[in-house]
Amino acid sequence: MCVMGVVNPVHAQEQETKELEEVIVTGMRQSILSAQQIKRDSNVVVDSIVAEDIGKLPDRSVTEALARIPGISVSRYEDLGDPEHFAGEGSGVLVRGMSQVRGELNGREIFSADGGRGLSFDDVPAELMSGVDVYKSPSADMIEGGLGGVVNLRTRLPFDSDGQLISATLKGNYGDLIDEANPEYSALYSNRWDTDAGEIGFLVDVSSSKLASRADNIYTRAFLPRTDLDVDGFDTVYVPKGVDWRRNDYERKRTGAYVAVQWAPNADVEFTYTGFTSTHKSRWDENAFFIDSGADSNLFLTSQSTSEGAQPWVFDDGGSLVSGTITTAHNNFGSTDFTTDNTFGVPFGTSSRYSASDATTTDHSLAAMWQVSDRLKISSSLQMVDSTADVDDNTLGLITFPDEITVSGLNGTPSITAGGFLDNLNNYSHGQSMVMRKKNEAKSKALRIDAEYDFEDSIVSSVKAGVRFTDKSAYNAGGDYNWSARYQPWQIGSEDWRPFNHTDDFPRLQNENFVKYIEFDNFQRGGTAVPSSAYLIDHSLLQDMEATTAAIDAITPNGCCSNDFSVFDFTNVDNSNTQNEKTSAIYAMANFNFDDVVDGNIGVRVVKTENVADGYIRFPNSFEVKTGEVDGEGNDVTITPFAADDLPYDAKNDYTHVLPNLNVRWKLTDEVILRFAAAKTIWRPEFNRLKAVMNLSADWAQGQSEVLADEFDPSLVRFSLSADGNPNLVPMESNQNDLSLEWYFDENGGMAHLNLFRKNISNYFRDVPDGNIPSFGGYTNIATSGAANIGSGKIKGAEVGVTKFFDELPKPFDGLGLAANYTYIDSQEDIAEGLGSVDTDGSAFNDIPLAGLSENSYNFVLMYDIEGFYSRLAYNWRSEYLVAVAPNGWNGTDNGITWGLPIYNKDYGQLDLSLGYNFNDNISVNFEASNIGKANTEGVMRQNGAGDHTAYVYSQDVRYGLALRVTF
């Protein structure tokens, strides 16, 4: 078996190692013992995960492994703010309810290009990691940033081993819904040599893994108030805006490579070079069916229907629709005429969507350590990080109009019946299209120098001081969705701009080669009754979206509009956001020790940040005033009084933060440790929030009718200034405290702990929709909207845990063990009045918690580890949490009200299993299964009038893996 050194987190920022007793890694038990040793020896609050073997963290990904640590929760969405798309693996990491978590690689900052601050931990191959440390209280020598905490990813170094080490792993994984198997592999070589030039070590580690998964999803949209229906006992009833269901096939390929070279010319000097690169490529293909009432309209009861199976509407005790047969009325902006001539069926859409992302992060670091004397040590490091992330997202849809659809189960998971209408290709027309492109780049250079001086026979055991300088640049382009449509219900009407009188007038499909007949197989394992087959756009056409949409435009007369691909021309500076940031930090810290009973550190870090955002101001070029004349074709002649070219400008912002901290460890006995920590931390705005683009628009002032050019005056106009970001944002701040008690009650992994924590947070990043400034650019009375630092919050909570191996039991039960932890978090958020969202009836939502924060969560793990055989049954559970407020799909404007609903994730628990056997010191086999209970993810939309309803249900794969590992 391999020998693994353990990194001491007290000095993890520069990978300074304290030599612990070398231990033979024998699986789960030794992994837990090593993690406990790190926690016990640290003089900050830290929790760790240590690999059970080379290339084997306890879970299949870094994110999933982190979920086992108390105080950490994991999002299972592609993006925490997008509940419409489920992730193939655990994605976002929150520490103590905060998503502002800084990532490190071997104690040095690393980040993903999208945002340029945090790290997407699912981008990182778990196979390259020897351990992960989660710092919950900082010390002055730690890099600033991270309101929730800091996650440090540790890789192996060649000097960690006594000599040559070779290891390889071959693995296969399988998802039951996607019914697809894929390979994974990793390999490591490490060695060290004594030479005339000193000791030299070399290590190379590579990995590649591919994963496929499937999610079957069904959604219910917001319930809208209705006062036009005659329902006994209710003046107002609530009817949903739509229902849709989708199948998402997800594919991810993750590759990584890591090289480390160490050189110790003598016992006092050591140089280390590390090179790390990780590439994460993902793609998902979505097939979607949806019933949508359209803007400012509702689904109506087919009260005149005589069709077989037509059902009357049924409401629950709160007045919300549960079931019934629906159709829509012609031009149904308030229409209740259900005569045969006036109904045109239910708007039913299908869509094909393709989304591909490609992210790469590369880190090159060179570190040096010089033990100048027995007491003085100097270390330094130079680091360069280069990260890119690109996204290509395309959607094309069809639309058709079944005469009626019967729905049921709207108080839970819906069931839908649409008859055979969807099987006829001649019933379809071209519908909507949507395009999104995104390109992100971020680069950083960092130089750090530290010096530490040890004292003998002194309360102050050592002092440490240092400086750090960074130069970071970021480029962000795109990211906005460009939506258009060919044929939609709102094109029906008598007005000039509505070219159709009835849905029968929509031109039907002209080219059968554009579509495919799609059938969902075993949708949600057969547990949901919905139409599972229809015609959709062929996914292959989404690969060249510009050519495909041009071809569709050419065969769809009187279509509404076309996608604007010019906004995705990233060579145009108007479509991009460039940032440059420099930081200078200095710190001083004293380590103290009172008779080896009370020790710790106290220090302060001062950091100055200078940011420059390259941007521009756009003027109201589209505002026109008529002259009263017409041209030769009868068109009005107009002037554009405010037209001007975009005005470039550089937005500069700088700020300085003083960040004190204190960490105290009191050894009450040899087995019991009491800790106290206090610190101030910050989180800088993500670069996409700092975009320096300002749009000045103009419209006639409220109550002001249009005048001709000879009577025009700018005072008749109301100006609005909107910003895509705010380069003047300052960091969020947190003042935090920790109080913890640790009891190491036996030498075989027995340990219990209790941790109390509190955070007071200020300077939240908020979008402010209704501001006002007196003047801008020579114009007065300017309405504004954009981002600002507004609001504060408080988080308090407790973490408790216990680990125990039952060696005292008789054989074969002496291999049993358990690990359990529980986290409680309470949050309070103060938002300025008027910044919260509102319900579909116009009422405000109050007491909305922080997004991503579960009040309760726990892990319970049963283990068995004896004579080469090991197994683990792990259950992870978290209570309801807010996913987002007013996300896509649950916002809109209806009946004159702009609304957005809070969407919550219901309680979720997942059961995972792993089994393994070590045939000898060199060969082992491992089997794992995740989500063996086939748990579904369920969302809740919370409304004041309509009450709570299921927003979505996701069914995801049970995943199996089988691995063979060889180590020499």
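Residues numbered from 1 in each chain as written. Predicted model: local features only at pLDDT ≥ 70, side-chain atom pairs only at ≥ 80, totals over all residues. Heavy atoms only, no water.

- As recorded in an unreviewed UniProt entry, the chain goes by the name TonB-dependent receptor, listed as coming from Saccharophagus degradans.
- Quoted verbatim from the Subcellular location (unreviewed entry) heading of the UniProt record, the comment on the chain is "Cell outer membrane".
- Quoted straight from UniProt, the Sequence similarities (unreviewed entry) entry for the chain says "Belongs to the TonB-dependent receptor family." (UniProt positions renumbered as here; feature names shortened; annotations may be inferred.)

### Here we look at the overall build of the chain
- Secondary structure assignment for the chain yields three helices and 55 strands.
- Here the C-alpha atoms of the chain give a radius of gyration of 31 Å, agreeing with the 30 Å that 2.2 N^0.38 yields for 968 residues.
- Out of the 968 residues belonging to the chain, those deemed buried represent 56%.
- In the chain, 74% of the contacts between residues at least 6 apart in sequence involve partners at least 24 apart.
- Computed over 74 positive and 140 negative side-chain charges, the inter-centroid distance for the chain is 6 Å. (Helix = DSSP H or I, 4+ residues; strand = E, 2+ residues; numbered from the N terminus. Rg over C-alpha atoms; globule rule 2.2 N^0.38 Å. Buried < 20%, exposed > 50% of the residue type's maximum accessible area, 1.4 Å probe, protein only. Contact = heavy atoms within 4.5 Å. Lys, Arg positive; Asp, Glu negative; His and termini not counted. Charge placed at Lys NZ, Arg CZ, Asp CG, Glu CD.)

### Brief notes about empty space enclosed by the protein
- Within this model, the largest cavity holds a volume of roughly 600 Å³.
- Counting residues per element, the lining of the largest cavity draws most heavily on helix α1 (residues 28–41), at six residues.
- Classifying every residue of the lining of the largest cavity gives 15 nonpolar, eight polar and six charged. (1 Å grid on protein atoms, 1.4 Å probe; cavity = no way out; pocket = protein on both sides within 12 Å on 5 of 7 lines; lining within 4 Å. Points joined across faces, edges and corners; volume = space filled by probe spheres on them. Nonpolar A, V, L, I, M, F, W, Y, C, P; charged D, E, K, R; others polar.)

### Notes on the pattern of salt bridges
- Inspection of the entire model under this criterion finds 47 salt bridges.
- Among the ionic pairs, Arg-942 bridges to Asp-948, the shortest N-O distance being 3.2 Å.
- Shared partners join several salt bridges into a network, and the residues in it are Lys-39, Asp-47, Arg-96, Lys-136, Asp-738 and Glu-799. (Salt bridge = Lys/Arg side-chain N within 4 Å of Asp/Glu carboxyl O.)

### Focus: the confidence of the model for the chain
- Mean pLDDT for the chain: 88, with 93% of residues reaching 70 or above.
- Segment residues 1–25 is flagged for pLDDT under 50; beyond a separation of four residues in sequence, or across chains, it makes 79 contacts in the model. (pLDDT = per-residue confidence, 0-100.)

### A short note on the environment of Trp-683
- Mapping Trp-683 onto the fold places it in strand β36 (residues 672–683).
- For Trp-683, a relative accessible area of 5% translates into the label buried.
- Remark: the alpha-carbon pair of Trp-683 and Gly-148, spanning 535 residues in sequence, is separated by 9.4 Å.
- Not counting residues up to four positions away in its chain, the partners in contact with Trp-683 are Gln-100, Val-101, Arg-102, Arg-117, Gly-118, Gly-146, Leu-147, Pro-731, Met-732 and Phe-765.

### As for the packing of aromatic side chains
- For the structure on display, the rule yields 37 aromatic pairs.
- Ring plane angle 25° and centroid distance 5.5 Å describe the contact between Trp-263 and Phe-271, whose orientation is recorded as stacked.
- Overall, the relative accessible area of 31% leaves Phe-271 in the partly exposed class.
- Following the ring pairs from residue to residue traces out a cluster consisting of Tyr-77, Phe-86, Tyr-219, Trp-890, Tyr-952 and Tyr-954.
- The ring of Trp-890 is capped by Arg-221, whose NZ or CZ atom sits 4.4 Å from the centre of that ring. (Phe/Tyr/Trp six-rings, centres within 6.5 Å; stacked < 30°, edge-to-face > 60°. Lys NZ or Arg CZ within 6 Å of the ring centre and 35° of its normal.)

### Concerning the sheet that holds strand β8 (residues 101–105)
- Taken together, five strands build an open sheet; the order of strands is β3-β10-β11-β8-β9 and the sheet is mixed. Edge positions in the open sheet fall to β3 (46–50) and β9 (108–110), since each of these has one partner strand only. Across the sheet, the mean angle from the axis of one strand to that of its neighbour is 30°, orientation sign disregarded.
- In this structure, strand β10 (residues 131–135) lies alongside strand β11 (residues 149–154), joined through five bridges in antiparallel fashion. Counted as the bridge partner of Tyr-135 is Val-150 from β11.
- Where α1 meets the sheet, its contacts fall on β3, β10 and β11, and the angle it forms with β3 comes to roughly 155°. (Pairing = 2+ DSSP bridges. Axes fitted to C-alpha atoms, helices over the stretch in contact; angles between N-to-C directions.)

### Focus on the pairing of strand β40 (residues 751–762)
- Where strand β39 (residues 732–743) lies against β40, eleven bridges are found, and the strand directions are antiparallel. Paired with Leu-741 across the two strands is Leu-754, which belongs to β40.
- As defined by bridge partners, β40 adjoins strand β43 (residues 792–805) across twelve bridges and the pair is classed as antiparallel. What sits directly across from Ser-762, in β43, is Ser-792.

### So, α1
- In a regular helix each residue adds 1.5 Å, so 14 residues correspond to 20 Å; α1 covers 20 Å between its end C-alpha atoms and thus fits that length.
- Buried residues dominate α1, accounting for eleven of its 14 residues.
- Among the residues of α1, those classed as buried are Met-28, Arg-29, Gln-30, Ser-31, Ile-32, Ser-34, Ala-35, Gln-36, Ile-38, Lys-39 and Asp-41. (Expected span 1.5 Å × (residues − 1).)

### Overview of the side chain of Ser-190
- Positionally, Ser-190 belongs in strand β13 (residues 180–195).
- In contact with Ser-190, not counting residues within four places along its chain, are Pro-158, Gly-163, Gln-164, Leu-165, Phe-202 and Leu-203.

### Focus: the environment of Ser-207
- Its place among the elements puts Ser-207 in strand β14 (residues 198–220).
- Residue class for Ser-207 comes out buried when judged on its relative accessible area of 4%.

### Looking at the nonpolar core
- Core analysis: the largest hydrophobic core is formed by 71 residues, its most contacted members being Trp-245, Ile-405 and Tyr-952.
- In contact with Tyr-952, other than residues within four places in its own chain, are Tyr-77, Pro-83, Ile-218, Tyr-219, Val-883, Trp-890, Ile-903, Tyr-904, Asn-905, Thr-937, Glu-938 and Gly-939.
- With 37 residues, the next largest nonpolar core counts Ile-72, Phe-121, Leu-157 and Leu-188 among its residues. (Core = buried A, V, L, I, M, F, W, Y, C linked by side-chain atoms within 4.5 Å.)

### Details of the pairing of strand β55 (residues 959–967)
- Side chains of β55 alternate between two faces, with Arg-959, Gly-961, Ala-963, Arg-965 and Thr-967 buried and Tyr-960, Leu-962, Leu-964 and Val-966 left unburied.
- Direction of pairing for strand β12 (residues 165–175) relative to β55: antiparallel, over a ladder of nine bridges. Of the residues in β55, the one forming a bridge with Leu-170 is Leu-964.
- Of the strand pairs in this sheet, strand β52 (residues 923–930) and β55 are connected by eight bridges, and their pairing is antiparallel.

### Looking at helix α3 (residues 545–554)
- All buried positions along α3 are accounted for by Met-545, Thr-548, Thr-549 and Ile-552. Seen along its axis, α3 keeps its buried residues to an arc of 95°; they face one direction.
- Considering only its buried residues, α3 is in contact with β23 (376–400) and β26 (429–454). (Arc of directions from axis to C-beta.)

### A word on a negative patch on the surface
- A contiguous patch of negative charge, built from Asp-179, Asp-423, Glu-519 and Asp-521, is present on the exposed surface.
- Within the secondary structure, Asp-179 is located in the loop between β12 and β13. (Patch = residues over 30% accessible without salt bridge, like charges linked within 9 Å, V, L, I, M, F, W, Y side chains within 5 Å. Areas by Shrake-Rupley, 256 points an atom, 1.4 Å probe, with all protein chains shown as cover.)

### Considerations on unusual backbone geometry
- Here the amide bond leading from Lys-811 into Pro-812 is cis, since omega sits at 0°, within 30 degrees of zero.
- In this fold, Pro-812 is placed in the loop between β43 and β44 (816–830).
- Phi at Asp-179 is positive, roughly 55°, even though this residue is not glycine.
- Classification of Asp-179 by relative accessible area gives exposed; the value is 53%.
- Phi is positive for Asn-895, close to 55°, though the residue is something other than glycine.
- Within the secondary structure, Asn-895 is located in the loop between β48 (891–894) and β49 (897–900).
- Judged by relative accessible area, Asn-895 falls into the partly exposed class, the value being 47%.

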